[in-house]
Amino acid sequence: MAGRYFDEWQVGDRIEHEIRRTVTETDNLLFTTMTHNPQPLHLDVEAAKASEFGQILVNGTFTFALMIGLSVGDTTLGMLVANLGYDKLVMPKPVFIGDTMRATSEVTELKESKSRPNAGIVTFTHELINQRNEVVCRCLRSALLKKREA
């Protein structure tokens, strides 16, 4: 499914995104080093073993980016003018290497754009859920989307 125009959304629309992704050691290592994050919990097996988690924790910014990425094809692909912001980002559970992620999105607000009559703002609540049905990441995303041409 491609993204939808602003005027095709309704508050309460909910999508369970079909694409799933198992997080690998390579994902975590590359993302952590590409972003210059020296946190030992992401990179150092011995430090991670000594932590309360007992294993490597997946970088939280990767977790967030994966959640958004899994949602794009069904929500904003081809319709996005701009992402306006992310709010209320929480990570209630850790992500570990080997966890399989899936995402959901729900429209929580629709607002006409005051400056662009050909676009509107959709606010999505995105959630990332692991194979144990635990929410590992959640946020609100405000996206400026094109309106269907009249």
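The shown structure was predicted, so the numbers you read here are calculated from the model rather than taken from an experiment. (Residues numbered from 1 in each chain as written. Predicted model: local features only at pLDDT ≥ 70, side-chain atom pairs only at ≥ 80, totals over all residues. Heavy atoms only, no water.)

(A) Structural view of the overall build of the chain. Looking only at helices and strands, one finds four helices and six strands in the chain. Reading the chain from its N end, one meets helices and strands in the order β-β-α-α-α-α-β-β-β-β. Its C-alpha atoms give the chain principal-axis dimensions of about 60 × 30 × 25 Å. Of all 150 residues assigned to the chain, the portion counted as buried reaches 40%. In the chain, of all internal contacts separated by at least 6 residues, the share reaching a separation of at least 24 is 73%. Of the accessible surface of the chain, which amounts to about 8400 Å², a share of 53% is contributed by carbon and sulfur atoms. Within the chain, the 19 negative side-chain charges are centred at a point lying 4 Å from the centre of the 17 positive side-chain charges. (Helix = DSSP H or I, 4+ residues; strand = E, 2+ residues; numbered from the N terminus. Buried < 20%, exposed > 50% of the residue type's maximum accessible area, 1.4 Å probe, protein only. Contact = heavy atoms within 4.5 Å. Areas by Shrake-Rupley, 256 points an atom, 1.4 Å probe, with all protein chains shown as cover. Lys, Arg positive; Asp, Glu negative; His and termini not counted. Charge placed at Lys NZ, Arg CZ, Asp CG, Glu CD.)

(B) Broad picture of the nonpolar core. Among the nonpolar cores identified, the biggest contains 16 residues, and V23, M67, M101 and L128 are the most heavily contacted of them. When residues of this core are assigned to their parent elements, the largest contribution, six residues, is made by helix α4 (residues 60-75). With residues up to four places along the chain from it excluded, the contact list for M101 reads I19, R20, R21, V23, L66, L70, V95, L128, I129, N130 and V136. In this structure, F6, I15, V122 and A143 belong to the second largest nonpolar core, which totals nine residues. (Core = buried A, V, L, I, M, F, W, Y, C linked by side-chain atoms within 4.5 Å.)

(C) Geometry of the packing of aromatic side chains. Under the counting rule described, the total for this entry stands at four aromatic pairs. Here F53 and F96 contribute two aromatic rings whose centre-to-centre distance is 6.4 Å and whose plane-to-plane angle is 55°, an arrangement assigned as tilted. Here F96 lies in the loop between β3 (80-90) and β4 (100-112) and F53 lies in the loop between α3 (45-50) and α4, a separation of 43 residues in the sequence. Pairing F64 with Y86 gives two aromatic rings, centres 5.1 Å apart and planes at 85°, and the pair type is edge-to-face. Here the residue F64 occupies a position in helix α4, and Y86 occupies one in strand β3, the gap between them amounting to 22 residues. Owing to a relative accessible area of 19%, F64 belongs among the buried residues under this scheme. In this structure Y86 comes out as partly exposed when scored by relative accessible area, which is 38%. Lying over the aromatic face of W9, R4 brings its terminal NZ or CZ to 4.2 Å of the ring centre. (Phe/Tyr/Trp six-rings, centres within 6.5 Å; stacked < 30°, edge-to-face > 60°. Lys NZ or Arg CZ within 6 Å of the ring centre and 35° of its normal.)

(D) Structural view of the environment of P40. Within the fold, P40 resides in helix α2 (residues 40-43). Sequence spacing of P40 and L57 is 17 residues, and the spatial spacing of their C-alpha atoms is 9.3 Å.

(E) Summary view of the pairing of strand β5 (residues 119-129). With respect to burial, β5 is a largely interior element, 11 of its 11 residues being buried. Side-chain alternation along β5 places A119, I121, T123, T125, E127 and I129 on one buried face and G120, V122, F124, H126 and L128 on a second face that is also buried. In this antiparallel pair of consecutive strands, β4 and β5, the connection spans six residues. As judged from the 11 bridges shared by β5 and strand β6 (residues 135-146), these two strands associate in the antiparallel manner. (Pairing = 2+ DSSP bridges.)

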